[in-house]
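Take a look at the letters that make up each chain.
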Amino acid sequence: MPDSKQNIPATRPLKDPFGRSITYLRLSVTDRCDLRCRYCMAENMVFLPKPDVLTLEEMLGLSRAFMERGVRRIRLTGGEPLVRKGILWLIEALGTEVKRGNLDEVTLTTNGTQLPHMAADLARAGVKRINVSLDTLDAELFSEITRRNRLADVLAGIEAAKAAGLQVKINTVALKGQNEHELPELLDWCMSQGLDLTLIETMPLGDVADAREDQYLPLTDVLPKLLKKHNLSPSGHRTGGPARYFNIEGSTSRLGLITPLTGNFCDGCNRVRVTCTGRIYMCLGQDDHVDLRAALRSDNPQINLNAALDKAIGIKPKGHDFAMKDDQMVGKVGRHMSHTGG
């Protein structure tokens, strides 16, 4: 169980060279996943050996180091975070930091398969809201996209999360020629369930079986189709991430758009990502990183970790280089999203 560490003073806040305060950490707890989404992972992934992955205790220590430097929100990601053995211990520990006022919230992004038996525990641990990745409601297409027949588990997981009192947001990657025809229907379903929906453009991360350009569906093409059916108005709602939101007339649900290619969202970036091996990436679309694991496992982890964080934030770029040029994606990076953390 979480220890009795006292309230954490916020000192030397993290601020990048462009004056942006870093208040949001996305922490990957594993590179493993029980699905194999085609836009995210290869079928035959080579996963990391256990000694390379931070222990849960190291992840808690790292999280506290970020809290000391002004981080107020932590999102646990993967891979699939809920397949990490013992993950509830870490979530409970971070939930205790929320109770102490050291964090505003702890959230996670999940594929939903583990929620039927874990949603209630997440709520008890202090999680208030989660993102569930769901690209289709069609079982056959789900199996095609994820290479696994698990749609029923995901839908049951969403119901379990709602029953546990968790606020659920659906994340959907817009995929040309696959789910694009279904996006209006998926929005209608979310509205009927009282869920927010965020649509995401596919990004050039890692080598996968299908060409990224073949999958790419610009959300500038999707939005007009949704406007034919719904009255959407810009919303001031923010969750700390890159999505821009729209209110939907007659509904409590919101529509979010994440548009790395058609609408750069970098100017207000307040986040960094740390992989399960302790690498901090200051930008999802850049390869520059700093090794925090070495600092954590050194003889003087507190001093070395703060020095590593200073170095990392000092080289945080203004933004990513993702773009479309002559119908080709540019600014590609070699690592998979599952290695970086979603």
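As the structure is a prediction and not an experimental result, all values here were calculated from the model. (Residues numbered from 1 in each chain as written. Predicted model: local features only at pLDDT ≥ 70, side-chain atom pairs only at ≥ 80, totals over all residues. Heavy atoms only, no water.)

Peer 1: What is the right way to look at the pattern of salt bridges in this model?
Peer 2: Proximity of charged atoms lets side chains of opposite charge pair with each other. According to the stated counting rule, one finds 16 salt bridges in the structure shown. Its salt-bridge partner being Arg-73, residue Glu-105 comes within 3.2 Å of it at the nearest N-O pair. Of this pair, Glu-105 sits in strand 3 (residues 105-110) while Arg-73 is found in strand 2 (residues 73-77), placing the two residues 32 residues apart along the sequence. A residue is classified by how much of its surface remains accessible, and Glu-105, at 16% relative accessible area, is buried. Judged by its relative accessible area of 29%, Arg-73 falls in the partly exposed class. (Salt bridge = Lys/Arg side-chain N within 4 Å of Asp/Glu carboxyl O. Helix = DSSP H or I, 4+ residues; strand = E, 2+ residues; numbered from the N terminus. Buried < 20%, exposed > 50% of the residue type's maximum accessible area, 1.4 Å probe, protein only.)

Peer 1: Just checking my understanding: could you explain the layout of surface pockets for this structure?
Peer 2: Estimates place the volume of the largest pocket at around 320 Å³. What lines the largest pocket is a set of 16 residues, among which Arg-32, Lys-50, Val-53, Arg-84 and Lys-85 lie closest to the centre. Here the residues of the lining of the largest pocket sort into eight nonpolar, two polar and six charged. (1 Å grid on protein atoms, 1.4 Å probe; cavity = no way out; pocket = protein on both sides within 12 Å on 5 of 7 lines; lining within 4 Å. Points joined across faces, edges and corners; volume = space filled by probe spheres on them. Nonpolar A, V, L, I, M, F, W, Y, C, P; charged D, E, K, R; others polar.)

Peer 1: What's the story with the sheet that holds strand 12 (residues 289-291) in this structure? I'm lost.
Peer 2: Strand pairing in a sheet relies on backbone hydrogen bonds, with the paired strands running either antiparallel or parallel. An order of 7-8-9-6-5-4-3-2-1-10-11-12 is seen for the twelve strands of this open sheet, with the pairing classed as mixed. Across the chains shown, the open sheet's two edge strands, defined by having one partner strand only, are strand 7 (232-234) and strand 12. This sheet shows a mean twist of 25° between the axes of neighbouring strands, independent of strand direction. Where strand 5 (residues 167-174) lies against strand 6 (residues 196-201), six bridges are found, and the strand directions are parallel. The residue bridging Ile-170 from the neighbouring strand is Leu-197, located in strand 6. (Pairing = 2+ DSSP bridges. Axes fitted to C-alpha atoms, helices over the stretch in contact; angles between N-to-C directions.)

Peer 1: When you look at empty space enclosed by the protein in this model, what are you seeing that I'm missing?
Peer 2: In this approach, a probe sized like a water molecule rolls over the atoms, and the result shows the empty space that is left. Under the criterion given, the structure shown has two cavities of 30 Å³ or more. The calculated volume of the second largest cavity comes to roughly 50 Å³. Taken together, Glu-180, Leu-183, Pro-184, Leu-217, Asp-221, Val-222 and Lys-225 make up the full set of residues lining the second largest cavity. When residues of the lining of the second largest cavity are traced back to their parent elements, those giving at least two are helix 6 (183-193) and helix 8 (219-227). Tallying contributions element by element places helix 8 first for the lining of the second largest cavity, with three residues. Here the lining of the second largest cavity is composed, by residue class, of four nonpolar, no polar and three charged.

Peer 1: Would you take a moment to explain the nonpolar core for this structure?
Peer 2: Nonpolar side chains in soluble globular proteins generally cluster together in the buried interior. If you look at the biggest cluster of nonpolar residues, it comprises 93 residues, and the most contacted ones within it are Phe-66, Leu-76, Leu-255, Ile-280 and Leu-292. Among the elements that make up this core, the one with the highest residue count is helix 1 (residues 56-68) (seven residues). Those residues in contact with Leu-292 that sit more than four places away from it in its chain are Leu-62, Phe-66, Val-274, Gly-278, Ile-280, Leu-305, Ala-308 and Leu-309. (Core = buried A, V, L, I, M, F, W, Y, C linked by side-chain atoms within 4.5 Å. Contact = heavy atoms within 4.5 Å.)

Peer 1: What is the right way to look at helix 2 (residues 87-100) in this model?
Peer 2: Each turn of an α-helix holds 3.6 residues, which means side chains three or four residues apart point in the same direction. Taking 1.5 Å per residue, 14 residues should reach 20 Å; helix 2 reaches 20 Å between its end C-alpha atoms and fits that length. Within helix 2 the residues assigned to the buried category are Ile-87, Leu-90, Ile-91, Ala-93, Leu-94, Gly-95, Thr-96 and Glu-97. Buried positions along helix 2 lie against helix 1, strand 2, strand 3 and helix 3 (115-125). In the segment just after helix 2, Gly-101 is the residue with positive phi, at about 90°. (Expected span 1.5 Å × (residues − 1).)

Peer 1: Explanation requested: helix 10 (residues 301-314) in the structure shown.
Peer 2: The end-to-end C-alpha distance of helix 10 is 19 Å, a good match for the 20 Å that 14 residues give at a rise of 1.5 Å each. Taken together, the buried positions of helix 10 are occupied by Leu-305, Asn-306, Ala-308, Leu-309, Ala-312 and Ile-313. Seen from one end, helix 10 has its buried residues packed into an arc of 160°, which puts them on one side. Facing away from the buried side of helix 10 by more than 90 degrees, the exposed set consists of Ile-303 and Lys-311. In this structure, the buried residues of helix 10 make contact with helix 1, strand 10 (271-274), strand 11 (279-281), strand 12 and helix 9 (292-296). (Arc of directions from axis to C-beta.)

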